[in-house]
Amino acid sequence: MLNVAMLSKWHVHADDYARKLQSHGNVKLTAVWDEEPERGSEWAARLGTDFEADLDTLLAREDIDGVVVDAPTSMHADVMVAAAEAGKHIFTEKAMALTVEECDRISAAVRKAGVKFCISFPARTRPHQLFAKQLIDDHVLGDVTLLRIRNGHDGALNNWLPEYWYDEKQTGGGAMMDLGCHPMYLASWMLGQPKRITSMFHYFTHRAVEDNAQCSIEFVNNAVALVETSLVTYRTPSALEVYGTEGTLMISDDTVRVISKKLDAPFSGWISPTQLPKEQPLPIIQWADALIHDKPMPFGLEEGTKLTELLEAAYIAHKENRTVEFK
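Reading the values: rules and limits
For every chain, the first residue of the written sequence is number 1, and numbering continues from 1 along that sequence. Where totals are concerned, whole chains, interfaces and linings use all residues; where local detail is concerned, this predicted model gives features only for residues with pLDDT of at least 70, and gives and counts side-chain atom pairs only at 80 or more. By convention in this description, side-chain values take in all heavy atoms of the structure and omit both hydrogens and water. Secondary structure is summarised from DSSP: a helix means a run of H or I of at least four residues, a strand means a run of E of at least two, and numbering begins at the N terminus for each. In this treatment the radius of gyration is a C-alpha quantity, and the globule benchmark scales as 2.2 Å times the residue count to the 0.38 power. We call a residue buried when its accessible area falls under 20% of the maximum for its residue type, exposed when it is over 50%, and partly exposed in between, using a 1.4 Å probe and counting protein chains only. Areas reported here follow the Shrake-Rupley algorithm with a probe of radius 1.4 Å; residue values treat only the protein chains shown as occluding. Delimitation of the domains relies on an automatic or database domain assignment. Here, residues are in contact when the closest pair of their heavy atoms is within 4.5 Å. The term buried area denotes the loss of accessible surface (1.4 Å probe radius) that occurs when two parts are joined, taken as the sum for both partners. We define a salt bridge as a contact between a side-chain nitrogen of Lys or Arg and a carboxyl oxygen of Asp or Glu at a distance within 4 Å. Pairing between strands requires that DSSP locate at least two bridges from one strand to the other. Here an axis means a line fitted to C-alpha atoms, over the contact stretch when the element is a helix, while the angle between two N-to-C directions is reported on a 0 to 180 degree scale.

- Per an unreviewed UniProt entry, the recorded name for the protein chain is Gfo/Idh/MocA family oxidoreductase, and the organism is Paenibacillus lautus.

What follows is the structure, given as C-alpha cells:
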C-alpha cells in the first residue's frame, strides 16, 4: 500500500487527484496539509484523513511515502525541497516552479535525496497527441515547419475559477501559466530545444494577470510553434496542427486528418486514421504505479524544468516587450 499526503487544496485539480488516488486500490491518503488551515481541515475531514497544520510535522511522519503538491505555484520550490529532504516522493501539478533557478533547487534536492519525481503532463498521455508525436518522430510529415496548438475555456469570462487564480504573487501569471502549460510542454516534447520566443498577452476581463495569450517560439531545428490559450473563449475546440515539408496533420477535438507524400497509394489524399495510439494512464496514476512497482517515472525533472524555461521566457518577453533568446 502506498501512503500519500495531499499538500494543499489550492489548485483546482487537487480534489480530482485525491479522488483518483482513493479509487486506485493500492493507495491510502494518510494526511492533508494546507497553507490555509481552515480549508485544509475541511478537506481532510471530507477525505476521511488526518489534517496537519505544520508542514514539517507532516513530512516527518513515517506513514507517508509520497506527497502530491497542489500548493500555490509560488510555494512549489520551498514545499518540494522540504518534501525531498524528508525523503518523500513527489507528484506536482504544473508548473514545476516559477523560475528555472527554483527548478534547479528542486532538482538538486530530489537527486540528493534519491526520491522520485513526476509532474502532471496529461496531454502527453492522450491518443491524438501521441499520434502527432509518432508522425513527427517517424518523419511522415517531412521536416516540421510549423506547429500550432490551441486550448481555452471561459473560466475568467464566466467567473467559475477561484478569484485567487488571478493573484500574480501566487500564480506567477494568468492564462499562459495555467492552460498554456499544456501547449508549451507539447511544443517542447515535439520540437526539442527552443531558440527564441515572443509573447502577446491581453487582459480582456481587466484582471491583474492575462486571460488571453499567444506565444511564438522558434526552435533550433528551424520549426516555429504557435502556442495559443485563453480563459475568455466560448467552447473552443482543441487544435493541434503540424505542417511539414512533406505532409500536414490537422486535429480538432476528435477529428483527425493527415496527408503526406510518404503515404502509399491509394492513400494519396487526406485520410482519417481508424486507429490511434492507446491512451496512457493519467500522470497521477503512472506516478503511483511507478512507486508501487518500482518503474521509471514518465515525466520528470528535466521535462518540468524545460516547461518552466519556456514560461519564464514567455513572461519576460511580454513584460519587456521583446524577443527573448534561449541559452
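That shown, we press on.
**Concerning the overall build of the protein chain**
Next, step 1: Regarding its fold elements, the protein chain presents 10 helices and 14 strands.
Next, step 2: Since a compact globule built from 327 residues should have a radius of gyration of about 20 Å, the 20 Å found for the protein chain is in line with a globular shape.
Next, step 3: Seen along its three principal axes, the alpha-carbon backbone of the protein chain occupies a region of about 65 × 45 × 40 Å.
Next, step 4: Among the 327 residues that make up the protein chain, the fraction classed as buried is 54%.
Next, step 5: Per element, the accessible surface of the protein chain, about 14,700 Å² overall, is 49% carbon and sulfur.

**Quick word on the domain arrangement of the protein chain**
Next, step 1: Structurally, the protein chain comprises domain 1 (2-115) and domain 2 (123-278 + 308-325).
Next, step 2: The straight-line distance from the C-alpha centre of domain 1 to that of domain 2 is 28 Å.
Next, step 3: Residue-level contacts link 16 residues of domain 1 with 16 residues of domain 2.
Next, step 4: Summed over both sides, the interface between domain 1 and domain 2 buries roughly 1,200 Å², with carbon and sulfur atoms accounting for 63% of that surface.
Next, step 5: Of all residues in domain 1, Trp10, Lys94 and Leu98 give up the largest surface area on contact with domain 2, accounting jointly for 45% of the area buried on that side.
Next, step 6: On the surface where domain 1 and domain 2 come into contact, there are one salt bridge.

**A short note on helix H9 (residues 283-293)**
Next, step 1: With nine of 11 residues buried, H9 is to be regarded as a mostly interior element.
Next, step 2: Inspection of H9 places Pro283, Ile284, Ile285, Gln286, Trp287, Ala288, Asp289, Ala290 and Leu291 among the buried residues, and these make up the whole buried set.
Next, step 3: Lining the buried residues of H9 we find strand E1 (2-7), helix H1 (14-22), strand E2 (27-33), strand E4 (66-69), strand E5 (89-92) and strand E6 (117-119).
Next, step 4: Positive phi shows up at Asp294, right after H9, with a value of about 55°.

**Observations regarding the sheet that holds strand E10 (residues 224-230)**
Pairing between sheet strands relies on hydrogen bonds along the backbone, with the strands arranged either parallel or antiparallel.
Next, step 1: With mixed pairing, eight strands are arranged side by side in an open sheet as E13-E12-E11-E7-E10-E9-E8-E14. The open sheet has two edge strands with one neighbour each: strand E13 (255-260) and strand E14 (324-325).
Next, step 2: Against the sheet, helix H6 (residues 127-137) contacts strand E7 (144-152), strand E11 (239-244), strand E12 (247-252) and E13, and its axis sits at roughly 175° relative to E12.
Next, step 3: Set on the sheet, helix H10 (residues 301-320) makes contact with strand E8 (194-202), strand E9 (212-219) and E14; between it and E8 the angle comes to about 55°.

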